[in-house]
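Each chain, letter by letter, is given below.
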Amino acid sequence: MARRRVPRAAALALLLASATACANDVPKADWSKGLLPEHITSQGDIVQNLWNGAWVAALATGAVVIVLIIWACLFHVKRKAKAELPPQVRYNLPIEMLYTLIPLVMVSVFFFFTARDSRDLQALSGHPDVKVKVEAFQWSWRFTTTLNGKTLKPVVGQPVSDYKSGPQLVLPVGKTVEFELESPDVIHSFWVPAFLFKRDVIPGLPKDNKGRFFEIKTLDKPGVYAGRCAELCGVDHSRMLFSVKLVKQAEYDQYIATQAGSAQ
Ligand SMILES: [Cu+2]
């Protein structure tokens, strides 16, 4: 029996190793951020705060409920000697109003913060520093950058198994970027986990539909960040990978200069 266990353990180790090798584009979940990955946009601050607040509220509610359960178990058990019913509280108006009002207040508080934050996350300044048109197709991405009235040559990708070899969108730090999403075929979803945000790319949305647009302000966190399609869109959906590279302004100017020859 002992002899059979060794290969099984080895096989499990191999499986785990290959599973983690596939998942190299998954950002590290950070306990200090409530298991969210580190974010690279100022909109990410909003999401992080909403997430933290929701956890605090949920844990506080949980704590109150657990204390009430323990209190009821300890001090309101039916004594064996007394067979009669304890005092009943049916049709007790104040208590029934309390049952209704407390959840109503809790849901309203959640609703208020969610509505306020989704409004802020969808806000468009109308004058972004950089505009990026994102075309999602089966099964990759085409990024077309426009800044200062100039449109650069599109970056077009193809299905890949490593996000680093997928199409790369280069963006400057500390700038506002407006995204416009378009799909010629099926529904995709544009997801950069480090944005703490994703948006479905729905074919056939009218040109002025707000669902096509969103805006971010990049933080000063240069690096290469993974992106993917988050809506099952066909056979090569899982290979619809790309990357976002955040660079300092000087490096971005250089990048633009190398693209200038091909600018339209
Ligand atoms: Cu897709």
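Residues numbered from 1 in each chain as written. Predicted model: local features only at pLDDT ≥ 70, side-chain atom pairs only at ≥ 80, totals over all residues. Heavy atoms only, no water.

Caption draft 1: View of the overall build of the chain. Looking only at helices and strands, the chain features four helices and eleven strands. Expressed as a percentage of its 264 residues, the buried residues of the chain come to 30%. For the chain, the proportion of contacts with a sequence separation of at least 24, taken over those separated by at least 6, is 66%. Looking at the chain as shown, the accessible area adds up to about 17000 Å², and 65% of this sits on carbon and sulfur atoms. (Helix = DSSP H or I, 4+ residues; strand = E, 2+ residues; numbered from the N terminus. Buried < 20%, exposed > 50% of the residue type's maximum accessible area, 1.4 Å probe, protein only. Contact = heavy atoms within 4.5 Å. Areas by Shrake-Rupley, 256 points an atom, 1.4 Å probe, with all protein chains shown as cover.)

Caption draft 2: Structural detail: the coordination of the copper ion. Taken together, the protein donors to the copper ion comprise His188 (ND1), Cys229 (SG), Cys233 (SG) and Met240 (SD), at separations of 2.1 to 2.6 Å. For the copper ion, the four donor atoms are set out with angles of 94 to 125° between them, so the coordination reads as tetrahedral. Counting along the primary sequence, the residues that act as donors to the copper ion give the motif H-x40-C-x3-C-x6-M. Each of the two residues, Cys233 as well as Met240, counts as buried. (Donors = N, O, S within 2.8 Å, 3.2 Å for Na, K, Ca; no water. Tetrahedral: all angles 85-135°; square planar, octahedral: opposite > 155°, others 65-115°.)

Caption draft 3: Seen up close, the pattern of salt bridges. Counting across every chain of the model gives eleven salt bridges. Glu182 serves as the salt-bridge partner of Lys133, at 3.7 Å between the closest nitrogen and oxygen. Placement of the pair is Lys133 in strand β1 (residues 130-137) and Glu182 in strand β6 (residues 176-182), with a sequence separation of 49 residues. Across the pair Glu135 and Arg142 runs a salt bridge, and its minimum N-O distance is 3.4 Å. Judged by its relative accessible area of 17%, Glu135 is buried. Shared partners join several salt bridges into a network, and the residues in it are Lys133, Glu180, Glu182, Lys207 and Arg212. (Salt bridge = Lys/Arg side-chain N within 4 Å of Asp/Glu carboxyl O.)

Caption draft 4: The arrangement of the sheet that holds strand β8 (residues 197-201) in detail. What the five strands build is an open sheet, ordered β5-β11-β10-β7-β8; its pairing is mixed. If you trace the sheet from one side to the other, it starts and ends with β5 (168-172) and β8, each paired once. Along the sheet, successive strands turn relative to each other by an average axial angle of 25°, direction set aside. Bridge count between strand β7 (residues 188-192) and β8: five bridges; the pairing is antiparallel. In the sheet register, His188 faces β8, and the bridge partner there is Val201. (Pairing = 2+ DSSP bridges. Axes fitted to C-alpha atoms, helices over the stretch in contact; angles between N-to-C directions.)

Caption draft 5: Geometry of the pairing of β6. Most of β6 sits out of view: seven of its seven residues are buried. Because side chains alternate across β6, one face comprises the buried residues Thr176, Glu178, Glu180 and Glu182, and the other comprises Val177, Phe179 and Leu181, equally buried. Taken together, the six bridges between β1 and β6 define a ladder with parallel strand orientation. Across the sheet, residue Glu135 finds its bridge partner in β6, namely Glu182. Sheet topology places β6 next to strand β9 (residues 213-217); five bridges connect them, and they run antiparallel.

Caption draft 6: Layout of a nonpolar patch on the surface. Residues Val64, Ile66, Leu68, Ile70, Trp71, Leu74 and Phe75 make up a contiguous nonpolar surface patch of about 740 Å² in total accessible area. By the element assignment, Leu74 lies in helix α2 (residues 42-75). (Patch = residues over 30% accessible without salt bridge, like charges linked within 9 Å, V, L, I, M, F, W, Y side chains within 5 Å.)

Caption draft 7: Region of the structure containing empty space enclosed by the protein. In this structure the tally under the stated criterion is two cavities of 30 Å³ or more. Around the largest cavity, the lining residues are Gln43, Leu121, Phe195, Phe197, Phe214, Glu215 and Ile216. Residues that form the lining of the largest cavity fall into these classes: five nonpolar, one polar and one charged. Its boundaries defined by the atoms lining it, the second largest cavity holds a volume of some 30 Å³. In terms of lining residues, the second largest cavity is bounded by Phe143, Thr145, Leu152, Lys153, Val155, Tyr255 and Gln259. For the lining of the second largest cavity, the elements supplying multiple residues, two or more each, are β2 (140-147) and α4 (249-260). Classifying every residue of the lining of the second largest cavity by side-chain character gives four nonpolar, two polar and one charged. (1 Å grid on protein atoms, 1.4 Å probe; cavity = no way out; pocket = protein on both sides within 12 Å on 5 of 7 lines; lining within 4 Å. Points joined across faces, edges and corners; volume = space filled by probe spheres on them. Nonpolar A, V, L, I, M, F, W, Y, C, P; charged D, E, K, R; others polar.)

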